[in-house]
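# Observations on the model geometry
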Amino acid sequence: MSVLIRKYKGNNGVMQEERIDEEDRIERYMRLFDKDDVKKLETGVKVFIEKDEWQLIP
């Protein structure tokens, strides 16, 4: 089972981490990325979009 990890700065300024392990939610998030970012994520590379850090762990 894959896990999509999102690290972001919350409203209070503290870094937070969200672990997404539901396949349907992962698929929805993957549609937000462009093709190059999806390829990077599939190889385990961290991708930065605006201020959020994303990583897919197979």
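Residues numbered from 1 in each chain as written. Predicted model: local features only at pLDDT ≥ 70, side-chain atom pairs only at ≥ 80, totals over all residues. Heavy atoms only, no water.

## Quick look at the side chain of Glu18
- Mapped onto the elements, Glu18 comes out in strand β2 (residues 15–20).
- Looking at Glu18, its side chain comes within polar contact range of the side chain of Arg25, at 2.9 Å.
- Beyond its immediate sequence surroundings of up to four residues, Glu18 is in contact with Leu4, Ile5, Arg6, Tyr8, Arg25 and Tyr29. (Helix = DSSP H or I, 4+ residues; strand = E, 2+ residues; numbered from the N terminus. Polar contact = N/O pair within 3.5 Å; in protein donor to acceptor, adjacent residues only side chain to side chain. Contact = heavy atoms within 4.5 Å.)

## Comments concerning the environment of Thr43
- Within the secondary structure layout, Thr43 lies in the loop between α2 (35–42) and β3 (47–49).
- Among the polar contacts made by the side chain of Thr43, one reaches the main-chain carbonyl oxygen of Lys40 at a distance of 2.8 Å.

## Let's talk about a negative patch on the surface
- Taken together, the side chains of Asp21, Glu22, Glu23 and Glu27 present a region of like negative charge at the surface.
- Along the chain, Asp21 falls in the loop between β2 and α1 (23–30). (Patch = residues over 30% accessible without salt bridge, like charges linked within 9 Å, V, L, I, M, F, W, Y side chains within 5 Å. Areas by Shrake-Rupley, 256 points an atom, 1.4 Å probe, with all protein chains shown as cover. Salt bridge = Lys/Arg side-chain N within 4 Å of Asp/Glu carboxyl O. Lys, Arg positive; Asp, Glu negative; His and termini not counted. Charge placed at Lys NZ, Arg CZ, Asp CG, Glu CD.)

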